[in-house]
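Descriptive analysis of the structure
Below are the chains, spelled out letter by letter.
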Amino acid sequence: MWVKSVGAYSPCYATFSLTSGNHLRVGAEGAHGLRLSLAELSEPGEAVSTLYGSGDIDYLTMASDGEWTVDIEPLSTAPSWNGETLTGEGVAVYRLAEGQRSHGPCG
């Protein structure tokens, strides 16, 4: 799967879903020999990975024995987080609200 110019200036995140089967391995390859392992699922479910910061990613590689989907979104579309307690189920991505500073183990 080709990915259009995902680099430090266009931060994105990807949600990988395995809907059937019992294996999904996702990698990324790109500029200057970049090779990353982004996610691995051993049963149906979801995983999330950011797609920036280590150089441009040219394409994603998927290896699976079942059906899978990938959804790539700009990080700017993630819900804003202001430091309040979060609850929910499954995977999620939040971005730090403008003007907020992280405290605690994250910085």
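Here's a quick rundown of the structure. (Residues numbered from 1 in each chain as written. Predicted model: local features only at pLDDT ≥ 70, side-chain atom pairs only at ≥ 80, totals over all residues. Heavy atoms only, no water.)

**Describing the overall build of the protein chain**
For clarity, the cut-off: To qualify as a helix, a DSSP run of H or I must reach at least 4 residues; to qualify as a strand, a run of E must reach at least 2; elements of each kind are numbered from the N terminus. Burial classes: relative accessible area under 20% of the type maximum marks a residue as buried, over 50% as exposed, and values in between as partly exposed (1.4 Å probe, protein chains only). Whether two residues are in contact is decided by their heavy atoms: any pair within 4.5 Å suffices. Accessibility throughout is a Shrake-Rupley quantity obtained with a 1.4 Å probe, and a residue counts as covered only by protein chains that appear here.
Helix and strand counts for the protein chain come out as zero helices and nine strands. Secondary structure of the protein chain in N-to-C order comes out as β-β-β-β-β-β-β-β-β. With 107 residues in all, the protein chain has 27% of them scored as buried. Sequence-distant contacts in the protein chain: of pairs separated by 6 or more residues, those separated by 24 or more amount to 62%. In the form shown here, the protein chain has an accessible surface area of approximately 7200 Å², with 48% of it arising from carbon and sulfur atoms.

**Observations concerning the sheet that holds strand β5 (residues 45–50)**
Selection rule: In this analysis, strands are considered paired if DSSP registers two or more bridges between them. Every angle, taken between N-to-C directions, lies between 0 and 180 degrees, and every axis is a line fitted to C-alpha atoms, over only the stretch in contact when it is a helix.
On the basis of which strands lie adjacent, the open sheet formed by three strands has the order β5-β2-β7 and antiparallel pairing. A strand with exactly one partner marks an edge of an open sheet, and here the two such strands are β5 and β7 (68–74). Taken over all neighbouring pairs, the strand axes of this sheet differ in orientation by 15 degrees on average, direction set aside. Here six bridges tie strand β2 (residues 12–18) to β5, and the two strands are oriented antiparallel to one another. Note that in β5 the partner of Leu18 across the bridge is Gly45.

**Concerning the side chain of Glu29**
Defined as follows: Counting of polar contacts relies on pairs of N or O atoms within 3.5 Å, with two restrictions inside protein: one atom must be capable of donating a hydrogen and the other of accepting it, and residues adjacent in sequence are counted only when both atoms are side-chain atoms.
Among the structural elements, Glu29 can be located in strand β3 (residues 24–30). At a separation of 3.5 Å, a polar atom in the side chain of Glu29 contacts the side chain of Arg35. Of note is the side chain of Glu29, whose polar atom sits 3.0 Å from the side chain of Tyr59.

**Re the nonpolar core**
Keep this limit in mind: Throughout this description, the term nonpolar core refers to a set of buried Ala, Val, Leu, Ile, Met, Phe, Trp, Tyr and Cys residues connected via side-chain atoms within 4.5 Å.
Ranked by size, the top nonpolar core spans 15 residues in total, and within it Phe16, Leu24, Val26, Leu38, Leu51, Ile57 and Leu60 carry the most contacts. For this core, the secondary-structure elements that each account for two or more residues are β2, β3, β4 (35–41) and β6 (57–64). With four residues, β2 is the single largest residue contributor to this core.

**Description of the side chain of Thr15**
Turning to its location among the elements, Thr15 is positioned in strand β2. Assessed through its relative accessible area of 16%, Thr15 is described here as buried. In this view, Thr15 contacts Glu46, Ala47, Val48, Thr69, Val70, Asp71 and Val91; residues no more than four positions away in its chain are not counted.

**Some points on the pattern of salt bridges**
Inclusion rule: For this document, the term salt bridge refers to a Lys or Arg side-chain nitrogen within 4 Å of an Asp or Glu carboxyl oxygen.
All told, the structure shown has two salt bridges when counted by the stated rule. Salt-bridge contacts for Glu40 lead to Arg25; the nearest nitrogen and oxygen are separated by 3.3 Å. Pair noted here: Glu40 is in strand β4 and Arg25 is in strand β3, with a separation of 15 residues, a long-range link. For Glu40, a relative accessible area of 48% translates into the label partly exposed. With its nearest N and O atoms 3.5 Å apart, the salt bridge here joins Arg35 to Glu29.

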